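# Descriptive analysis of the structure
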Amino acid sequence: MLPTRKSPPPPPLDDGIRVDDRARAAAADDFGHLVHRTPEGVLLPASEEDVAAAVRWAAEHGRAFAAQGGRHSVFGRGQAGGGIVADMRPLRTVHAIEDDRAVVDAGATWREVLAATLPRGLAPPGLPDYLDLSVGGTLVVGGVGSGISRFGVLSDNVLDLQVVTGRGERLVASPARNPGLFDAVRAGLGQVAVVTRATLRLVPAPRRVRRFLLVYPDLATMLADERLLAHERRFERVQGAVLPAPSGGWTFRLDLVKELPADPPDDDALLAGLSDDRPRAESSTLPYLEYLDRLAALERLLRSEGRWSFPHPWLTTFVGDPAVESVAAAELAGLAPADLGPLGQVVVSPILRESVRTPLLRLPPDPLGFTFNLVRFPPTDDAAEARGLVTANRAVYERVRAAGGDRGTA
Ligand SMILES: Cc1cc2nc3c(=O)[nH]c(=O)nc-3n(C[C@H](O)[C@H](O)[C@H](O)COP(=O)(O)OP(=O)(O)OC[C@H]3O[C@@H](n4cnc5c(N)ncnc54)[C@H](O)[C@@H]3O)c2cc1C
């Protein structure tokens, strides 16, 4: 039963609602550990109808309602103070896989989706950089990955969605059925509907990929090659990062991936004309899943040191090409590597605008844009320090806005 303190009748799903402190505290937290809003109850749905009944109850009683997937948000986005949170993880079945599509529950993670599709030689295009995000939680923020310039965002690659609207109606949304709802849900930040099921586009998956890590002497040279590579589409995946250098200052690094056909790749041809510091280049051939799961090693390390559960004052923004160099250079000049943490990074990756079709994603209008993300892993869990970094993020965001950029949705 829900608490009777405000004496509304409980939703007709007593068994599926948890009101114990532990469940409510977990739902009042996320990967950021910066914002905490406690719900009255946490729904563990056994079906889409459970979600619909809880949404109807929340709507009738004027309560907030939010779905949660993997709770990887960093600033309380999936929290519902005094309301109902639906933990979507119990709904994670992969229902069907065909040659060009998979039907999956929204609580499934990308890892679970891939476990079902890769043995069939298939995968969704444009995967995120981290596989333990839920399908629903990713589609409602868009879902940016290293293949964005080639494949668009995750929400560009969804064929239809099964949703529960704010009135508790169960609807299908696709380009043909309820197209306005389809466009409002994709990258709509979970504001208009709960996604319960998605039909994802599938494409043939490479068995292996060739990966290059190229080091650049400076930001301008790295950005010049990112522009070239985004337009040429020589690689399927291009990711730029500025990393704290062990000896102080910054390391500028591109991470490039070529999906492998049967023939061995011609490395010289793939890297021709790029301006990196070639003697420092690293290359490897690895199974596709190993590349996709490349954050797992970092997660293991941070968990082993207890730092995975420290506060994460991250900032994600999009900046147009005309402004990116001056914005990034100015911010790097004012950023202390210690504020990112030794394992943190600034992600500056290209986004070819024409590849992205999700209307609500707030990309700058320029043909080429960039992510400018501060991925901070502070070495301490000091709350005051984390608050200081949130304040610093706000100032960066204001400067990005002034330069024509906007906040990312992740
Ligand atoms: C380690 C790490 C790596 C990341 N990598 C990427 C990346 O590569 N690309 C990227 O785009 N982002 C990335 N992010 C950010 C992440 O994608 C977003 O925070 C994403 O929304 C989290 O998904 P989640 O399943 O954990 O959702 P949650 O954090 O649980 O929820 C996120 C938002 O989605 C809503 N939501 C969740 N499920 C549903 C649903 N079924 N229906 C409707 N709304 C729902 C919530 O209410 C909330 O508003 C990363 C975050 C972390 C911590």
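Preceding block: the structure.
Summary of the structure given here.

Here 5 strands make up an open sheet; going across it, the order is β5-β6-β10-β8-β9 and the pairing antiparallel. Where the open sheet ends on each side, the last strands, each with one partner, are β5 (94-97) and β9 (170-173). This sheet shows a mean twist of 15° between the axes of neighbouring strands, independent of strand direction. Here β5 pairs with strand β6 (residues 101-105) via 3 bridges, running antiparallel.

Time to look at empty space enclosed by the protein. All told, the structure shown has 1 cavity of 30 Å³ or more when counted by the stated rule. Estimates place the volume of the largest cavity at around 80 Å³. For the lining of the largest cavity, the secondary structure elements donating two or more residues are α5 (148-151), α7 (219-232) and β13 (237-244). With 3 residues, α5 is the single largest residue contributor to the lining of the largest cavity. For the lining of the largest cavity, the per-class residue count stands at 6 nonpolar, 3 polar and 4 charged.

Further remarks concern the layout of surface pockets. Which parts of space are left empty comes out when a probe the size of a water molecule is rolled across the atoms. If you add up the space inside the second largest pocket, you get close to 410 Å³. The dominant element in the lining of the second largest pocket, judged by the number of residues it contributes, is helix α13 (residues 383-402), at 4 residues. Each residue belonging to the lining of the second largest pocket can be placed in one class, and the counts come to 10 nonpolar, 4 polar and 3 charged.

With 8 of 8 residues buried, strand β19 (residues 368-375) lies mostly within the body of the structure. Residue alternation in β19 divides its side chains into two sets, L368, F370, F372 and L374 and G369, T371, N373 and V375, and both sets are buried. Pairing between strand β16 (residues 315-320) and β19: 6 bridges, direction antiparallel. Each residue of the ladder has a partner; that of V319, found in β19, is F370. Across 3 bridges, the pairing between strand β17 (residues 345-347) and β19 is antiparallel. Along β19, the bridge assignment pairs V347 with N373.

Attention now moves to the environment of L213. Mapped onto the elements of the fold, L213 is located in strand β12 (residues 208-216). Judged by relative accessible area, which is 16%, L213 ranks as buried. Taking the C-alpha atoms as reference, L213 lies 6.3 Å from S283; in sequence the two are 70 residues apart. Residues within four places of L213 in sequence aside, it is in contact with R253, L254, D255, R280, A281 and E282.

Glancing now at unusual backbone geometry. Of note in this structure, H33 is not a glycine but carries a positive phi near 55°. Inspection of the secondary structure puts H33 in the loop between α1 (21-27) and β2 (41-43). Judged by relative accessible area, which is 23%, H33 ranks as partly exposed.

Running from N to C, α7 and helix α11 (residues 321-334) point in directions that differ by 150°, and their axes come no closer than 11 Å. Classified by the angle between their axes, α7 and α11 sit roughly antiparallel to one another. Seen from above, α7 lies across α11 with right-handed handedness. Between α7, through L219, A220, L223 and R227, and α11, the contact on the second element is made entirely by D321, V324, E325, A328, A329 and L332. Looking at the contact of α7 with α11 residue by residue, the classes come out as 7 nonpolar, no polar and 3 charged.

Attention now moves to the site of the ligand. With respect to spatial proximity, 31 residues lie near the ligand, and among them A67, G69, S73, S134 and V144 are the closest. A distance of 2.8 Å is found between an oxygen atom of the ligand and a backbone nitrogen or oxygen belonging to G137. Within the complex, the protein chains bury 95% of what would otherwise be the 950 Å² of accessible surface of the ligand. Within the residue set of the shell around the ligand, elements represented by two or more residues are β3 (65-68), α4 (135-139) and β10 (193-201). Element by element, the count of residues in the shell around the ligand is highest for β10, at 3 residues. Of the residues in the shell around the ligand, the class split is 17 nonpolar, 11 polar and 3 charged.

This part takes up the packing of aromatic side chains. The final tally for this structure, using the stated rule, is 5 aromatic pairs. An angle of 70° between the planes, with centres 5.2 Å apart, marks the rings of F31 and W314 as edge-to-face. On the criterion of sequence distance, the pair formed by F31 in the loop between α1 and β2 and W314 in the loop between α10 (296-304) and β16 is long-range, its members being 283 residues apart. Of the residues examined, F31 reaches a relative accessible area of 7% and is grouped as buried. Centre to centre, the rings of Y130 and W308 are 6.2 Å apart; their planes meet at 45°, and the pair counts as tilted. Of this pair, Y130 sits in the loop between β7 (122-123) and α4 while W308 sits in the loop between α10 and β16, and the two are 178 residues apart along the sequence. Each member of the pair Y130 and W308 is classed as buried. Three or more aromatic residues joined by ring pairs make a cluster, and in this case those are F31, Y130, W308, W314 and F377.

Definitions and cut-offs
- Along each chain, numbering runs from 1 in the same order as the chain's sequence is written.
- Per-residue local features of the predicted model are confined to residues with pLDDT of at least 70, and side-chain atom pairs are confined, for both listing and counting, to 80 or more; whole-chain, interface and lining totals are unaffected and use all residues.
- Note: side-chain values were computed over all heavy atoms of the structure, leaving out hydrogens and water.
- When DSSP finds two or more bridges between two strands, those strands count as paired.
- Every helix listed is a DSSP run of H or I at least four residues long, and every strand listed is a run of E at least two residues long, numbered separately from the N terminus.
- Between N-to-C directions, angles span 0 to 180 degrees; the directions come from axes that are lines fitted to C-alpha atoms, helices contributing only their stretch in contact.
- Definitions used for this entry: grid spacing 1 Å over protein atoms alone; cavity, a set of points where a 1.4 Å probe fits but cannot get out; pocket, an open set with protein on both sides within 12 Å along at least 5 of 7 lines; lining residue, one with an atom within 4 Å of a point.
- Grid points are joined across faces, edges and corners, and a volume is the space filled by probe spheres set on the points.
- All residues other than Ala, Val, Leu, Ile, Met, Phe, Trp, Tyr, Cys, Pro, Asp, Glu, Lys and Arg, Gly among them, are scored as polar; the first ten of these are nonpolar and the last four charged.
- The buried label goes to any residue with under 20% of its type's maximum accessible area, the exposed label to any with over 50%, and the partly exposed label to all in between, with areas taken from a 1.4 Å probe on protein chains only.
- We call two residues in contact whenever any of their non-hydrogen atoms come within 4.5 Å of each other.
- Working rule for angles: under 35 degrees goes down as roughly parallel, over 145 as roughly antiparallel, 65 to 115 as roughly perpendicular, anything else as oblique.
- For any helix crossing, the convention is left-handed if the near helix is rotated counterclockwise from the far helix by under a right angle, and right-handed if that rotation is clockwise.
- When we say a residue is near a molecule or strand, we mean one of its heavy atoms is within 4 Å of it.
- Definition of a polar contact: a pair of N or O atoms within 3.5 Å, with one able to donate and the other able to accept a hydrogen when the atoms are protein atoms, and with sequence-neighbouring residues admitted only if both atoms are side-chain atoms.
- In these tables, accessible area is a Shrake-Rupley quantity obtained with a 1.4 Å probe, and a residue counts as shielded only by the protein chains included in the view.
- When two rings of Phe, Tyr or Trp (its six-membered ring) have centres within 6.5 Å they constitute a pair, described as stacked for plane angles under 30 degrees, edge-to-face for angles over 60, and tilted for the intermediate range.

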